[in-house]
Amino acid sequence: MARNVENLSLNMVGLLAEDEKQYYVDEHIYIAMNAQDFGLKHLRREQPYRVDEGRVMMVTQDWVRVVINLEEQRLERQSLIVLVPDSIFEILEWSSDFDMQAFTFKDLPIAVGDLQSLTMSHQAILTLDDDEWQLASEYVRLMWHEVQRQPLLPETIIHLQTALLLELKRIADREESQWQKQASRQDKTFHQFLHLVNMYGLRERKIEFYADKLCVTPNHLGAVIKRASGLTIMQWLNRHTIQKAKVLLRYSDLPVWEVAERMNFANPSFFSKFFKGETGMTPGEYRK
């Protein structure tokens, strides 16, 4: 049913929705008051998902491990993640008592670019204090209350989302300032590198490109990335490529040769060999 949908969009969520419980979905918004009724039934472990609309996910109980735009993160109670459109996330595992609330956002009166500080990899997770958490939870409850009052007024939801996201941006800016003061030069270079890989990784696979962007030599950059992460530059580029390929293979009916073309491989044979070397499966086996 979902195979013809490439992204984890509102349309896809609508296709997967079953009984009316603690979630609501239409062409404007998806909001879930817990993870058990919907999300955990349909999201697979170790499967990358691309989001069409922005997402906010708030952990209300226990913990979950995720990969957000290449970097692994652990979210615990009273923490949250903001995903801007076109982000890629992957759930690795969750605890038996894990629960969360989530909602989508789009067409906000503020530019997506204004929210970029919410999604930089080093601060992808915001941990809120008691007062901030209570305020964020109140906004979500207000959204939930509004979607129960049909006909829905999308403008009301948009303004509530905007108010909450601006509050989260204030928190993120504060944490960014603290991080900039405390982080080592190595950490800053590593996270700048990851940001560049997420932007250019599919079309730029030469180490020199990233070294030039960061104004360092290729050898220096390679040493910094290895020390910071334990992985080489090429391993990070390969991880990015595999993540993008998995999304296309799982959420589209494109033939493998066209997936290879979109991933900028010279031919399907090279792509299949690369994919199997990284995952242990051919693209066709993964798709099945």
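Quick note: structure is the one above.
Predicted model only: the values in this text are computed from it and were never measured.

A. Spatial organisation of the overall build of the protein chain. Assigned secondary structure in the protein chain consists of 11 helices and 10 strands. Within the protein chain, contacts between residues at least 6 apart in sequence are counted, and of these 70% link residues at least 24 apart. Only carbon and sulfur atoms are counted for the fraction: they give 48% of the accessible area of the protein chain, which is about 14,200 Å².

B. Up close: unusual backbone geometry. Looking along the chain, the bond that leaves Gln150 and enters Pro151 is cis, with omega of 0 degrees. Mapped onto the fold, Pro151 is located in the loop between helix H3 (130–147) and helix H4 (154–182). Phi angles above zero are rare outside glycine, and Asp62 is one such case at about 65 degrees. You can see Asp62 is positioned in the loop between strand E4 (54–61) and strand E5 (63–68).

C. The packing of aromatic side chains, seen in detail. Across all of its chains, the model carries nine aromatic pairs by this definition. Arranged with centres 5.3 Å apart and planes meeting at 45 degrees, the rings of Phe265 and Phe274 form a pair that is tilted. The class of Phe265 is partly exposed, set by a relative accessible area of 21%. Judged by relative accessible area, Phe274 falls into the buried class, the value being 16%.

D. Broad picture of the sheet that holds strand E3 (residues 49–50). With antiparallel pairing, the four strands of this open sheet are ordered in space as E3-E8-E5-E6. The sheet is open, and its two borders are formed by E3 and strand E6 (71–76), each paired with just one other strand. Bridging between E5 and strand E8 (residues 88–94) involves five bridges; their strand directions are antiparallel. The residue of E8 that forms the bridge with Val64 is Trp94. Contacting E3, E5 and E8, helix H8 (residues 233–251) crosses the sheet at an angle of about 90 degrees to E8.

Cut-offs and rules
- One numbering rule holds for all chains: residues counted from 1, following each sequence as written.
- With the structure being a predicted model, the display of local features is reserved for residues of pLDDT at least 70 and the display and counting of side-chain atom pairs for 80 or more, all residues being used for whole-chain, interface and lining totals.
- For side-chain calculations, the full set of non-hydrogen atoms in the structure is used, while hydrogens and water are omitted.
- Secondary structure follows DSSP: runs of H or I at least 4 residues long count as helices, runs of E at least 2 residues long count as strands, and numbering of each begins at the N terminus.
- Note on contacts: a residue pair is in contact if any heavy atoms of the two residues lie within 4.5 Å.
- Values of accessible area rely on a 1.4 Å probe in the Shrake-Rupley scheme; residue burial ignores everything except the protein chains shown.
- Each pair of aromatic rings taken from Phe, Tyr and Trp, with Trp reduced to its six-membered ring, is defined by centres within 6.5 Å and is described as stacked if the planes are under 30 degrees apart, edge-to-face if over 60, and tilted in the remaining cases.
- The classification of residues rests on relative accessible area computed with a 1.4 Å probe and restricted to protein chains. Under 20% of the type maximum is buried, over 50% is exposed, and intermediate values are partly exposed.
- Strands qualify as paired when DSSP identifies two bridges or more between them.
- Between N-to-C directions, angles cover 0 to 180 degrees, with each direction set by a line fitted to C-alpha atoms, over the stretch in contact for helices.

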